[in-house]
Amino acid sequence: MNGQPAGSTAARKVRRDEWRVDEDGLAFRVLLSSPAVAAPRPAIVLIHGIGMSHRYLSRLHDVLAQDRAVYSIDLPGFGGLPKPGVDVGVAAMASALGAVIESLNAGPVVLVGHSMGAQWVVEVGAQRPEHVTDVVAIGPVADAEHRSLASQLIALARDTLGETLAINAIVLTDYLRCGVPWYLAQVRHMLTYRIEDRVTALSMPLIVIRGSRDPIAGLEWCRRLHDSAARARLLLIPAHHHVAQQSAPRAVAAAILAHVT
């Protein structure tokens, strides 16, 4: 496993580093931002959704990094990383991701996932509770109302109409980098993974965050996840859609920081 920073750039208040980690034959990219004077609080780890990369988490990452260390991790096959030569289900991806998080030597972390990223972080929390203080699921999938590829595509199209041009540009270009074969391989796992069952295995608090106009993760679905977990909160971001972490980064950051360790 290779986990050493390959390079860094300095800003006036925040230091940024980026490096690659290879774990069990899977390539991950880690981006770290840390304030010059960090609060003595757990670091935050951000995980993107299917087809995406750290780019649509960048605004949330930057806001959170003013307060504490923040890592964004790109998963194998996404963000221009090499496509695995084997099928990688949610449990296998989470197992490798958990090992990457352990390699950070950051102590127990707040684990935040968006869309399918919510599945991966819930699974990491269930598999490796000793490394996670809180699990945050933003726009979690797959809503029981959208458990087919056709239904997901319709909901995604509806969401696209409500997002900004800048967000849609990031989504489109990241989807192109991901490619159809890897997207379809992962969407099969996304549609069959029962996150509503796995949240019951979490020993740490679960925070569900939803844009109030999100057509992909419905309100009743998010309430179901909230009600299934032993300790949970449900928070809404008014007037925002599925990619609320990029369209309303300060509101999402405030919601996270107000309720995590």
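Anything mentioned here points back to the structure above.
Fair warning: this is a prediction, and the values are worked out from it, not measured in the lab.

Thresholds applied
Residues numbered from 1 in each chain as written. Predicted model: local features only at pLDDT ≥ 70, side-chain atom pairs only at ≥ 80, totals over all residues. Heavy atoms only, no water. Buried < 20%, exposed > 50% of the residue type's maximum accessible area, 1.4 Å probe, protein only. Helix = DSSP H or I, 4+ residues; strand = E, 2+ residues; numbered from the N terminus. Arc of directions from axis to C-beta. 1 Å grid on protein atoms, 1.4 Å probe; cavity = no way out; pocket = protein on both sides within 12 Å on 5 of 7 lines; lining within 4 Å. Points joined across faces, edges and corners; volume = space filled by probe spheres on them. Nonpolar A, V, L, I, M, F, W, Y, C, P; charged D, E, K, R; others polar. Expected span 1.5 Å × (residues − 1). Contact = heavy atoms within 4.5 Å. Patch = residues over 30% accessible without salt bridge, like charges linked within 9 Å, V, L, I, M, F, W, Y side chains within 5 Å. Areas by Shrake-Rupley, 256 points an atom, 1.4 Å probe, with all protein chains shown as cover. Salt bridge = Lys/Arg side-chain N within 4 Å of Asp/Glu carboxyl O.

1. Brief notes about helix 10 (residues 249-259)
For helix 10, every residue scored as buried is listed here: Pro 249, Val 252, Ala 253, Ala 255 and Ile 256. All buried residues of helix 10 lie within an arc of 160° about the axis, which places them on one face of the element. Opposite the buried face of helix 10, by more than 90 degrees, sit the exposed residues Arg 250 and Ala 258.

2. Notes on the layout of surface pockets
Counted as a void, the largest pocket has a volume near 320 Å³. In terms of lining, the largest pocket is formed by 20 residues, of which the most central are Leu 156, Val 171, Tyr 175, Ile 216 and His 242. Within the residue set of the lining of the largest pocket, elements represented by two or more residues are helix 4 (149-162), helix 5 (165-178) and helix 6 (180-192). Each residue belonging to the lining of the largest pocket can be placed in one class, and the counts come to eleven nonpolar, seven polar and two charged.

3. Some details on helix 3 (residues 116-127)
For helix 3, which comprises twelve residues, the first-to-last C-alpha distance of 17 Å matches the rise-based estimate of 16 Å (1.5 Å per residue) to within 8%. The element helix 3 is extensively covered by neighbouring structure, given that eleven of its twelve residues are classed as buried. Among all positions in helix 3, only Met 116, Gly 117, Ala 118, Gln 119, Trp 120, Val 121, Val 122, Glu 123, Val 124, Gly 125 and Ala 126 are buried. Those residues of helix 3 hidden inside the fold are in contact with strand 4 (44-47), helix 2 (90-103), strand 6 (109-114), strand 7 (132-138), helix 6 and helix 7 (195-198).

4. Observations concerning a nonpolar patch on the surface
A cluster of nonpolar residues, Leu 149, Leu 153, Val 180 and Leu 184, forms a patch on the protein surface that exposes about 330 Å² of accessible area. When residues of the nonpolar patch are traced back to their parent elements, those giving at least two are helix 4 and helix 6. Note that Val 180 resides in helix 6. Residue Val 180 is classed as exposed on the basis of its relative accessible area of 57%.

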